[in-house]
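Each chain, letter by letter, is given below.
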Amino acid sequence: MTEKINHPPHYGGDVVYETIKVLKAWLSPEEYKGFLKGNVIKYLSRAGKKDGELQDCKKAAWYLSQLVLELETINNG
């Protein structure tokens, strides 16, 4: 079964140049947090209209968990 939530192959899979890793490296912390928040909103607002409600909600949850990790990293120095 292909991974569709954590490291989808169409975004590079779990490799060094996976899109999410490149964005984190290239964007400022504020821009990266905005990107994560935007994706949470995107997946929640379209839930059930494209890939199925459960999958969209899982994707939103994944981006939210990444945002929480980012905030914890920033707050813990």
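Quick look at the structure, then. What you are looking at is a predicted structure, and each value in this text was computed from that prediction instead of being measured. (Residues numbered from 1 in each chain as written. Predicted model: local features only at pLDDT ≥ 70, side-chain atom pairs only at ≥ 80, totals over all residues. Heavy atoms only, no water.)

## Comments concerning the nonpolar core
In this structure, Ile 20, Tyr 32, Leu 36, Val 40, Tyr 43, Ala 60, Trp 62, Tyr 63 and Leu 67 together form the largest nonpolar core, which totals nine residues. Going through the elements one at a time, helix H2 (29–45) and helix H3 (53–75) are the ones with two or more residues in this core. (Core = buried A, V, L, I, M, F, W, Y, C linked by side-chain atoms within 4.5 Å. Buried < 20%, exposed > 50% of the residue type's maximum accessible area, 1.4 Å probe, protein only. Helix = DSSP H or I, 4+ residues; strand = E, 2+ residues; numbered from the N terminus.)

## Concerning the pattern of salt bridges
All told, the structure shown has four salt bridges when counted by the stated rule. With its nearest N and O atoms 3.0 Å apart, the salt bridge here joins Glu 70 to Lys 24. Taken together, the residues Glu 70 in helix H3 and Lys 24 in helix H1 (residues 19–26) connect sequence positions 46 residues apart. We note a salt bridge from Arg 46 to Asp 56, for which the minimum N-O separation is 3.2 Å. (Salt bridge = Lys/Arg side-chain N within 4 Å of Asp/Glu carboxyl O.)

## Quick word on the packing of H2 against H3
Contact geometry of H2 with H3 gives a least axis separation of 8 Å together with a crossing angle of 160°. What the angle tells us is that H2 and H3 run roughly antiparallel. Taken as a pair, H2 and H3 cross one another with a handedness that is left-handed. Contacts from Tyr 32, Lys 33, Phe 35, Leu 36, Lys 37, Asn 39, Val 40, Tyr 43 and Leu 44 of H2 reach H3 at Asp 56, Lys 59, Ala 60, Tyr 63, Leu 64, Gln 66, Leu 67, Glu 70, Leu 71 and Ile 74. (Axes fitted to C-alpha atoms, helices over the stretch in contact; angles between N-to-C directions. Parallel < 35°, antiparallel > 145°, perpendicular 65-115°, else oblique. Left-handed = near helix turned anticlockwise from the far one by under 90°. Contact = heavy atoms within 4.5 Å.)

## Observations concerning H3
For H3, built from 23 residues, the straight-helix expectation of 33 Å at 1.5 Å per residue is met to within 8% by its first-to-last C-alpha distance of 33 Å. By the burial criterion, the buried members of H3 are Asp 56, Lys 59, Ala 60, Trp 62, Tyr 63, Leu 67 and Glu 70. Each element contacted by the buried residues of H3 is listed here: H1 and H2. Where H3 terminates, the next one or two residues include Gly 77, which has phi positive at roughly 70°. (Expected span 1.5 Å × (residues − 1).)

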